[in-house]
Amino acid sequence: MRPLERPFTMGQLLTLRFDTVTILIYGKRYDIPVSVSEHKLLTAIAQDEIVLLPVNFERTQLLLDIPETSPHLERELNDFADSDESVTDLLKEGV
């Protein structure tokens, strides 16, 4: 997994293949290479209805090592959800 080194955006997982994942960011599709360990993780979570993934601004790699307590992660998720209630609060509630 790659560490967070700079700001990122969120993308919706569309399809998962052995060596790439296709994500949707602002209506545009991006194919991003994934490692074996990333593929295993994504396979486990891809069963959910909507999966959001943190992606670097260049749309070239996933950033899966972002801490849950990251204020930037909360901002990105809240912007994506366009909700008044904190997404991290919703996640804690299991919604």
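Residues numbered from 1 in each chain as written. Predicted model: local features only at pLDDT ≥ 70, side-chain atom pairs only at ≥ 80, totals over all residues. Heavy atoms only, no water.

Right, let's talk about the overall build of the protein for a bit. Helix and strand counts for the protein come out as three helices and four strands. Seen in sequence order, the protein has helices and strands lined up from the N terminus as β-β-β-α-β-α-α. Out of the 95 residues in the protein, the part that is buried amounts to 37%. Accessible surface computed for the protein: about 6200 Å², of which carbon and sulfur atoms make up 52%. (Helix = DSSP H or I, 4+ residues; strand = E, 2+ residues; numbered from the N terminus. Buried < 20%, exposed > 50% of the residue type's maximum accessible area, 1.4 Å probe, protein only. Areas by Shrake-Rupley, 256 points an atom, 1.4 Å probe, with all protein chains shown as cover.)

Quick look at the nonpolar core now. Within the largest apolar cluster, 12 residues are counted, these being Leu13, Val21, Ile23, Ile25, Ile32, Val34, Leu42, Val51, Leu53, Val55, Leu62 and Leu64. Put simply, the parts of the chain that give this core at least two residues each are strand 2 (20-25) and strand 4 (52-56). Dropping the residues within four chain positions of it, Val55 is found in contact with Phe8, Thr9, Gly11, Ile23, Ile25, Ile32, Gln61, Leu62 and Leu63. (Core = buried A, V, L, I, M, F, W, Y, C linked by side-chain atoms within 4.5 Å. Contact = heavy atoms within 4.5 Å.)

Okay, the environment of Asn56 next. One can find Asn56 in strand 4. For the pair Asn56 and Met10, spaced 46 residues apart in the sequence, the C-alpha separation amounts to 8.6 Å. Those residues in contact with Asn56 that sit more than four places away from it in its chain are Phe8, Thr9, Gln61 and Leu63. In this structure the side chain of Asn56 is engaged in a polar contact, spanning 3.1 Å, whose partner is the backbone nitrogen of Gln61. (Polar contact = N/O pair within 3.5 Å; in protein donor to acceptor, adjacent residues only side chain to side chain.)

Quick look at the environment of Leu63 now. Tracing the sequence through the fold places Leu63 in the loop between strand 4 and helix 2 (71-81). Between the C-alpha atoms of Leu63 and Glu38, which are 25 residues apart in sequence, the distance is 9.9 Å.

The pLDDT averaged across the protein works out to 77; a share of 77% of its residues lies at or above 70. The lowest-confidence element of the protein is helix 3 (residues 87-93), averaging 49 in pLDDT; the highest-confidence one is strand 3 (residues 28-33), averaging 94. Taken as a whole, residues 90-95 scores under 50 in pLDDT and shows four contacts with residues more than four places along the chain or in a different chain. (pLDDT = per-residue confidence, 0-100.)

Owing to its 3.6 residues per turn, the α-helix brings residues three or four apart onto one side. Those residues of helix 1 (residues 36-45) not exposed but buried are Glu38, His39 and Leu42. Projection of helix 1 onto a plane perpendicular to its axis shows the buried side chains occupying an angular sector of 100 degrees, all on one side. Exposed and oriented more than 90 degrees from the buried face of helix 1 are Val36, Lys40 and Ala44. Here the buried face of helix 1 lies against strand 1 (8-16), strand 2, strand 3 and strand 4. (Arc of directions from axis to C-beta.)

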